[in-house]
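One-letter residues, chain by chain:
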Amino acid sequence: MYWVVENRMVCPRTGTMFIHVLTIKNLRLIVWYKGDYFVSVGSVLITGPFGVAIDGKLRPLQIIRAFPYKPALWDSLLAGAGCPGNDGSIITRCENRENCVFALCPYGAITA
């Protein structure tokens, strides 16, 4: 499968991430995954028997589930995630690090 990433977010309580992708067949999906790589907007994912390649490089990514994209579902996931970096702003300090299971902030913030 060939997917282009249109949006992304993280869930700091579970250590999982979500991406909103557009497929080659013009379908939109929400992909829930876990891994040590934070996928960027505009990245191209190719999946197959070899695993997952992101922008041409194999990455250890575990796809947990894929859902049909619905704006209300994306907004609900975004509202429940509780990560200040998910709104698209650049953050350097995070007030919520005590509730975050990521060893390193996917958005590059440090503990406030």
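Bear in mind the structure is a predicted one, so any value in this text is a computation, not a measurement. (Residues numbered from 1 in each chain as written. Predicted model: local features only at pLDDT ≥ 70, side-chain atom pairs only at ≥ 80, totals over all residues. Heavy atoms only, no water.)

Asker: Please explain the side chain of N86 as it appears in this structure.
Answerer: Mapped onto the elements of the fold, N86 is located in the loop between α1 (71-81) and β8 (93-94). Exposure remark for N86: the relative accessible area of 8% places this residue in the buried category. A distance of 2.9 Å separates the side chain of N86 from the backbone oxygen of V10, its partner in a polar contact. Leaving out residues up to four positions away in the same chain, N86 has contacts with M9, V10, L78, A81 and Y107. (Helix = DSSP H or I, 4+ residues; strand = E, 2+ residues; numbered from the N terminus. Buried < 20%, exposed > 50% of the residue type's maximum accessible area, 1.4 Å probe, protein only. Polar contact = N/O pair within 3.5 Å; in protein donor to acceptor, adjacent residues only side chain to side chain. Contact = heavy atoms within 4.5 Å.)

Asker: How should empty space enclosed by the protein be read in this particular structure?
Answerer: If a probe as big as a water molecule is rolled over the atoms, it shows which places are left empty. The final tally for this structure, using the stated rule, is 1 cavity of 30 Å³ or more. Approximately 60 Å³ is the volume attributed to the largest cavity. If you trace the largest cavity, you find it lined by V10, P12, G82, C83, P84, C94, N96, R97, C100, F102, C105 and P106. Here the residues of the lining of the largest cavity sort into 9 nonpolar, 2 polar and 1 charged. (1 Å grid on protein atoms, 1.4 Å probe; cavity = no way out; pocket = protein on both sides within 12 Å on 5 of 7 lines; lining within 4 Å. Points joined across faces, edges and corners; volume = space filled by probe spheres on them. Nonpolar A, V, L, I, M, F, W, Y, C, P; charged D, E, K, R; others polar.)

Asker: Explanation requested: the state of the cysteines in the structure shown.
Answerer: Linking two cysteines covalently via their sulfur atoms produces the bond known as a disulfide. Counted according to the given criterion, the structure contains 0 disulfides. Free of any disulfide, C83 has its nearest cysteine sulfur in C105, 5.8 Å distant. A disulfide-free cysteine, C100 has its sulfur positioned 6.4 Å from the sulfur of C105, the nearest such atom. On the accessibility criterion, C100 (19% relative accessible area) is buried. (Disulfide = S-S within 2.5 Å.)

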